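# Structural features, examined
Given next are the chains, with one letter for each unit.
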Amino acid sequence: MKTQIVILTGAGISADSGVATFRDHGGLWEGHRPEEVATPQAWAADPAMVWRFYQMRRASLKDVEPNPGHFAIAELQRRAKTAGVPCTLVTQNVDDLHERAGSTDLLHMHGELVKLRCERCDHHETNDHDLEGDRWIPCRSCGYEKLRPDIVWFGEIPFHLDRIEEVMAGCTQFLSVGTSGVVYPAAGLLHLARSRGAETWVNSLDPPENMDARDRFFPGRGAEVLPGLVEEFCSELGF
Ligand code: ZN
């Protein structure tokens, strides 16, 4: 069977760079729970509040840098590419730290903070400059007054599921990094890889909910563990 690698990353690797998550600050923002901010219902009821929240998160990208875990994954992808082995990175993270570390073949299943989209005409754009302030950013395609964050909110369908299914179908090596294993459908990928006979590698601080005795577990922070893990991974695969 032809070697094909799929890597899944979650909040743990971003946390190592200091990216704030909903789980910080007691899980509240301006007194709101995440389910009250990151939903289509909240956007419909109080778009200004939701926009303030996302502008704050977008602006905070400037305060964080990729860590050695991000760079190790980018290095793994480079070596795989040189060896002619497909290596797709699927991330649940909405920051751009994988891109900034040099990763390619990257699928953001929960969207991206640097992207916006128009609900009227479905225009998508990368906007990594208007990160300050609360004013609306109008659609350049149809003129609609306010673009929304290109983020998958609670109750919305994750992006790239067809492409993810395609790469999982041929997956022989699956590496899960920094996920809690409770957010579906991402949490189902480890089980899917295992059931299809892939070798499974897991790195996170604590064993994730979806882990199993057949997985090779590398406990610890990704920023510390991944450089060594990637060396071992590549040497076993011979590249
Ligand atoms: Zn538009």
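One structure accompanies this document, and this report is about it. (Residues numbered from 1 in each chain as written. Predicted model: local features only at pLDDT ≥ 70, side-chain atom pairs only at ≥ 80, totals over all residues. Heavy atoms only, no water.)

The protein atoms that coordinate the zinc ion are C118 (SG), C121 (SG), C139 (SG) and C142 (SG), at distances spanning 2.3 to 2.4 Å. One can describe the donor arrangement at the zinc ion as tetrahedral, given that its four donor atoms subtend angles of 105 to 113 degrees at the metal. Along the chain, the residues donating to the zinc ion fall in the pattern C-x2-C-x17-C-x2-C. Of the two residues, C121 sits in the loop between strand 4 (111-117) and strand 5 (124-126) while C139 sits in the loop between strand 5 and strand 6 (148-151), which places them 18 residues apart along the sequence. (Donors = N, O, S within 2.8 Å, 3.2 Å for Na, K, Ca; no water. Tetrahedral: all angles 85-135°; square planar, octahedral: opposite > 155°, others 65-115°. Helix = DSSP H or I, 4+ residues; strand = E, 2+ residues; numbered from the N terminus.)

The subject of this paragraph is the packing of aromatic side chains. Within this structure, the stated rule accounts for seven aromatic pairs. Arranged with centres 6.1 Å apart and planes meeting at 45 degrees, the rings of Y54 and W153 form a pair that is tilted. Highlighted residues: Y54 in helix 4 (residues 47-59) and W153 in the loop between strand 6 and helix 7 (161-169), separated in sequence by 99 residues. With respect to burial, Y54 and W153 carry one shared label: buried. Ring centres of W201 and F218 lie 5.6 Å apart, and the angle between their planes is 10 degrees; on these two criteria the pair is classed as stacked. Separated by 17 residues along the polypeptide, W201 in strand 8 (residues 199-204) and F218 in strand 9 (residues 216-219) bring together distant segments of the chain. An aromatic cluster of at least three residues, connected via ring pairs, comprises W43, W51, F53, Y54, W136 and W153. Across from the ring centre of W136, 5.5 Å away, lies the NZ or CZ of K146, which sits over that ring. Stacked on the ring of W201, the Lys or Arg R216 has its end atom at 4.0 Å from the ring centre. (Phe/Tyr/Trp six-rings, centres within 6.5 Å; stacked < 30°, edge-to-face > 60°. Buried < 20%, exposed > 50% of the residue type's maximum accessible area, 1.4 Å probe, protein only. Lys NZ or Arg CZ within 6 Å of the ring centre and 35° of its normal.)

Moving on to unusual backbone geometry. Here Y184 and P185 are connected by a cis peptide whose omega angle stands at 10 degrees. Secondary-structure assignment places P185 in the loop between strand 7 (173-177) and helix 8 (188-195). Phi is positive for H160, close to 65 degrees, though the residue is something other than glycine. When you line up the elements, H160 lands in the loop between strand 6 and helix 7. The class for H160 is partly exposed, based on a relative accessible area of 37%.

The six strands lie next to each other as 3-2-1-7-8-9, forming an open sheet whose pairing is parallel. Strands at the two margins of the open sheet, each flanked by one partner only, are strand 3 (106-108) and strand 9. The mean inter-strand angle of the sheet, taken between neighbouring strand axes irrespective of direction, is 15 degrees. Both strand 1 (residues 5-9) and strand 2 (residues 87-91) contribute to a ladder of five bridges, which runs parallel. Paired with T9 across the bridge in strand 2 is T91. Packed on one face of the sheet, helix 8 meets strand 1, strand 7 and strand 8 and runs near 155 degrees to strand 8. (Pairing = 2+ DSSP bridges. Axes fitted to C-alpha atoms, helices over the stretch in contact; angles between N-to-C directions. Contact = heavy atoms within 4.5 Å.)

Every buried residue of helix 9 (residues 222-237) is listed here: G222, A223, V225, L226, L229, V230, F233 and C234. Where helix 9 is buried, its residues contact strand 1, helix 1 (11-15), helix 5 (68-82), strand 7, strand 8 and strand 9.

For the structure on display, the rule yields 23 salt bridges. One continuous salt-bridge network, built from bridges that share partners, spans E75, R78, R79 and E231. (Salt bridge = Lys/Arg side-chain N within 4 Å of Asp/Glu carboxyl O.)

This part takes up the sheet that holds strand 6. Taken in spatial order, the three strands of this open sheet run 5-4-6, and their pairing is antiparallel. Two strands close off the open sheet at either side, each with one partner strand: strand 5 and strand 6. Taking the axes of each pair of neighbouring strands and ignoring which way they run, one obtains an average angle of 50 degrees across the sheet. Pairing of strand 4 with strand 5, which is carried by three bridges, proceeds in the antiparallel orientation. Residue pairing in the sheet places K115 in a bridge with T126 of strand 5. Contacts between helix 4 and the sheet are confined to strand 4 and strand 6, with strand 4 contributing the most and set at about 125 degrees to the helix.

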